[in-house]
Amino acid sequence: VRVLELFGYPSAALHSGVDYDDAAAIERSLIEGELDLVLISPARAVTGSFKTFLAKLHDAGRLGALAVDEAHCIRHWGHDFRPEYRRLRELREVCPGVGMQAFTATATPRVREDIARQLGLVDHEVLVGTFDRPNLTYRVVPRQRPVEQIAKLIETSREKHGPGGVIVYCLSRRETEEIAGSLKDHSYDARAYHAGMTS
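Here the structure is a predicted model, which means the values were calculated and not measured. (Residues numbered from 1 in each chain as written. Predicted model: local features only at pLDDT ≥ 70, side-chain atom pairs only at ≥ 80, totals over all residues. Heavy atoms only, no water.)

Examining the pattern of salt bridges
Link 1 in the chain: Per the stated rule, a full pass over the model turns up eight salt bridges.
Link 2 in the chain: Arg 117 serves as the salt-bridge partner of Asp 114, at 2.6 Å between the closest nitrogen and oxygen. Here the residue Asp 114 and the residue Arg 117 both occupy positions in helix α7 (residues 109–119), the gap between them amounting to three residues, near one helical turn.
Link 3 in the chain: Of the residues examined, Asp 114 reaches a relative accessible area of 3% and is grouped as buried.
Link 4 in the chain: The class for Arg 117 is exposed, based on a relative accessible area of 51%.
Link 5 in the chain: Among the ionic pairs, Arg 174 bridges to Glu 178, the shortest N-O distance being 2.8 Å. (Salt bridge = Lys/Arg side-chain N within 4 Å of Asp/Glu carboxyl O. Helix = DSSP H or I, 4+ residues; strand = E, 2+ residues; numbered from the N terminus. Buried < 20%, exposed > 50% of the residue type's maximum accessible area, 1.4 Å probe, protein only.)

In structure tokens, the structure reads:
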């Protein structure tokens with residue numbers, strides 16, 4: 001949202017970190033036509049109060065479309081399942097006739113079918129872009145001395161792409177902390193980032 005605002009695109013975000021007064025101001029701005037885009041967390045989107053507001057927005061002719069990002073999260077047995085995503089279909093009930101779009105970078109044909117079914121999409125188009133991501137490199141190697149392996153990958157990245165950040169995904173919060181600490185011990189400016197951190 002901050003980047004969109006920098007480019008002069010009127011937008012806002014609604015999530016658990018937005019207090020009541022700010023949320024009310026965002027909703028007023030939407031009704032009055034001052035915002036073109038609002039990003040909202042799925043957990044907040046499926047609350048009764050937001051669905052009531054959405055119906056009001058729909059009735060006022062101020063709702064152009066609904067878009068679901070990270071739509072693969074709707075898949076129950078997926079790697080990133082979040083139960084609120086399964087309830088997003090309810091939004092269609094309070095604003096019938098409004099188009100719904102679903103976006104994800106990780107959808108096999110089976111996952112795409114599940115997303116469409118869960119969201120109640122009818123006569124939908126499926127657009128699939130290229131899976132080639134030139135900025136990403138995937139390799140599978142045996143895990144031996146992980147900190148040294150990561151340090152070597154950082155150096156390889158610097159040689160190939162110049163200075164810049166590297167993101168290392170870990171399997172647990174504990175491992176995230178341990179690897180960040182070990183990389184610091186190797187003179188890298190490394191920090192852990194995980195769901196257990198305060199805002």
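Picking up where we left off.
Digging into a nonpolar patch on the surface
Link 1 in the chain: Taken together, the side chains of Val 1, Tyr 9, Leu 37 and Leu 39 make up a nonpolar region of the molecular surface, amounting to roughly 310 Å² of accessible area.
Link 2 in the chain: Examined against the element boundaries, Tyr 9 turns out to sit in the loop between α1 (2–6) and β1 (11–14). (Patch = residues over 30% accessible without salt bridge, like charges linked within 9 Å, V, L, I, M, F, W, Y side chains within 5 Å. Areas by Shrake-Rupley, 256 points an atom, 1.4 Å probe, with all protein chains shown as cover.)

Things to note about helix α2 (residues 20–31)
Link 1 in the chain: Spanning twelve residues, α2 covers 17 Å between terminal C-alpha atoms, matching the ideal 16 Å at 1.5 Å per step.
Link 2 in the chain: Of the positions making up α2, those classed as buried are Ala 23, Ala 24, Ile 26, Ser 29 and Leu 30.
Link 3 in the chain: Lining the buried residues of α2 we find β1, β2 (37–40), α3 (42–45) and α4 (48–59).
Link 4 in the chain: Here α2 starts with a cap whose side-chain oxygen sits 3.3 Å from the backbone nitrogen of Asp 21, and that cap is Asp 19. (Expected span 1.5 Å × (residues − 1). Contact = heavy atoms within 4.5 Å. Polar contact = N/O pair within 3.5 Å; in protein donor to acceptor, adjacent residues only side chain to side chain.)

Concerning the layout of surface pockets
Link 1 in the chain: Roughly 1600 Å³ of internal volume is contained in the largest pocket.
Link 2 in the chain: Counting residues per element, the ones that place at least two in the lining of the largest pocket are α8 (146–161) and α9 (173–185).
Link 3 in the chain: Considering each element in turn, the lining of the largest pocket owes the most residues, ten residues, to α8.
Link 4 in the chain: There is about 970 Å³ of room inside the second largest pocket.
Link 5 in the chain: As for the second largest pocket, its lining consists of 33 residues, and the residues nearest its centre are Val 38, Leu 39, Ile 40, Ser 41 and Ala 67.
Link 6 in the chain: Taken together, the elements giving at least two residues each to the lining of the second largest pocket come down to β1, β2, α3, α4 and β3 (65–68). (1 Å grid on protein atoms, 1.4 Å probe; cavity = no way out; pocket = protein on both sides within 12 Å on 5 of 7 lines; lining within 4 Å. Points joined across faces, edges and corners; volume = space filled by probe spheres on them.)

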